[in-house]
Amino acid sequence: KNGTVNPVPQDPDQGGYYGRRYPHDSLIKWESMTDVQVHNLIRAMHGPYPSAYTFQNGIKVEIEKSSLLDYSHLGTPGSVSQIVTEGVIVQASNRGLLIEEINVAGEELAPADFFEVGEQLINDQEEDIDE
């Protein structure tokens, strides 16, 4: 407004472009993603974008909030291994991750009310979600 802006040209070699985001970009791949990768995907995809998601018995489950564990928790990737006060522990490729908030069909649910120990979360619905 007062004429003091000094434009600086940007170096195109120092930047990049990210293409359009597709629904499958938010799919959690339990078998190949570490706990940190899953946690970071959940954080990155949390509003206003469609949330990170997985499938449980053919139902799409959006995961809204997670936390990394301070201890090692082993099991089969994608399996619900424990229900705790704060949520449920689901196994990533290397260790467990605490799932604290989920959304199913637009309704916020407590993970402990939806999941059961031993259930396997899957990502075999990929072909149905491409747009």
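We now turn to the structure provided with this report. Treat the numbers as computed from the prediction; the structure is a model and nothing was measured.

Quick look at the overall build of the protein chain
Counting secondary structure elements, the protein chain contains 2 helices and 6 strands. The order of α-helices and β-strands along the protein chain, N terminus first, is α-β-β-β-β-β-β-α. Taking 2.2 N^0.38 as the reference for a compact globule, 131 residues should give roughly 14 Å; the C-alpha atoms of the protein chain span a radius of gyration of 18 Å, well beyond that estimate. Seen along its three principal axes, the alpha-carbon backbone of the protein chain occupies a region of about 65 × 35 × 30 Å. Taken across its 131 residues, the protein chain has 37% of its residues classed as buried.

What about the pairing of strand 4 (residues 87-91)?
Note on strand geometry: in a regular strand, side chains alternate between the two faces of the sheet. Most of strand 4 sits inside the fold, with 5 of its 5 residues counted as buried. Pairing of strand 3 (residues 80-84) with strand 4 involves 4 bridges; the strand directions are antiparallel. Residue pairing across strands places Val-80 opposite Val-90, the latter belonging to strand 4. Taken together, the 4 bridges between strand 4 and strand 5 (residues 96-104) define a ladder with antiparallel strand orientation. Paired with Val-90 across the two strands is Leu-97, which belongs to strand 5. Linking two consecutive strands that pair antiparallel, namely strand 4 and strand 5, is a turn of 4 residues.

Focus: helix 1 (residues 35-45)
Of the positions making up helix 1, those classed as buried are Asp-35, Val-38, His-39, Leu-41, Ile-42 and Met-45. Viewed along the axis of helix 1, the buried residues span an arc of 160 degrees, placing them on a single side of the element. If you follow the buried residues of helix 1, they end up packed against strand 1 (52-56), strand 2 (59-68) and strand 5.

Considering the side chain of Glu-64
Inspection of the secondary structure puts Glu-64 in strand 2. The buried charged residue Glu-64 lacks any salt bridge, with Lys-60 as its nearest oppositely charged partner at 9.8 Å. Among the polar contacts listed, one links the side chain of Glu-64 to the side chain of His-46, at a separation of 3.1 Å.

Observations concerning the packing of aromatic side chains
Remark: the centre distance and the inter-plane angle together describe each pair of aromatic rings, the angle taken between the planes. With the rule as written, the count across this model stands at 2 aromatic pairs. Relative to Phe-55, the ring of Tyr-53 has its centre 5.8 Å away and its plane inclined at 90 degrees; by these criteria the two rings are edge-to-face. In this structure, Tyr-53 and Phe-55 share a single accessibility class: buried. Between Phe-114 and Phe-115, the aromatic rings sit 5.3 Å apart at their centres with planes inclined by 80 degrees, giving edge-to-face as the arrangement.

What counts and what doesn't
- Residues numbered from 1 in each chain as written.
- Predicted model: local features only at pLDDT ≥ 70, side-chain atom pairs only at ≥ 80, totals over all residues.
- Heavy atoms only, no water.
- Helix = DSSP H or I, 4+ residues; strand = E, 2+ residues; numbered from the N terminus.
- Rg over C-alpha atoms; globule rule 2.2 N^0.38 Å.
- Buried < 20%, exposed > 50% of the residue type's maximum accessible area, 1.4 Å probe, protein only.
- Pairing = 2+ DSSP bridges.
- Arc of directions from axis to C-beta.
- Contact = heavy atoms within 4.5 Å.
- Lys, Arg positive; Asp, Glu negative; His and termini not counted.
- Salt bridge = Lys/Arg side-chain N within 4 Å of Asp/Glu carboxyl O.
- Polar contact = N/O pair within 3.5 Å; in protein donor to acceptor, adjacent residues only side chain to side chain.
- Phe/Tyr/Trp six-rings, centres within 6.5 Å; stacked < 30°, edge-to-face > 60°.

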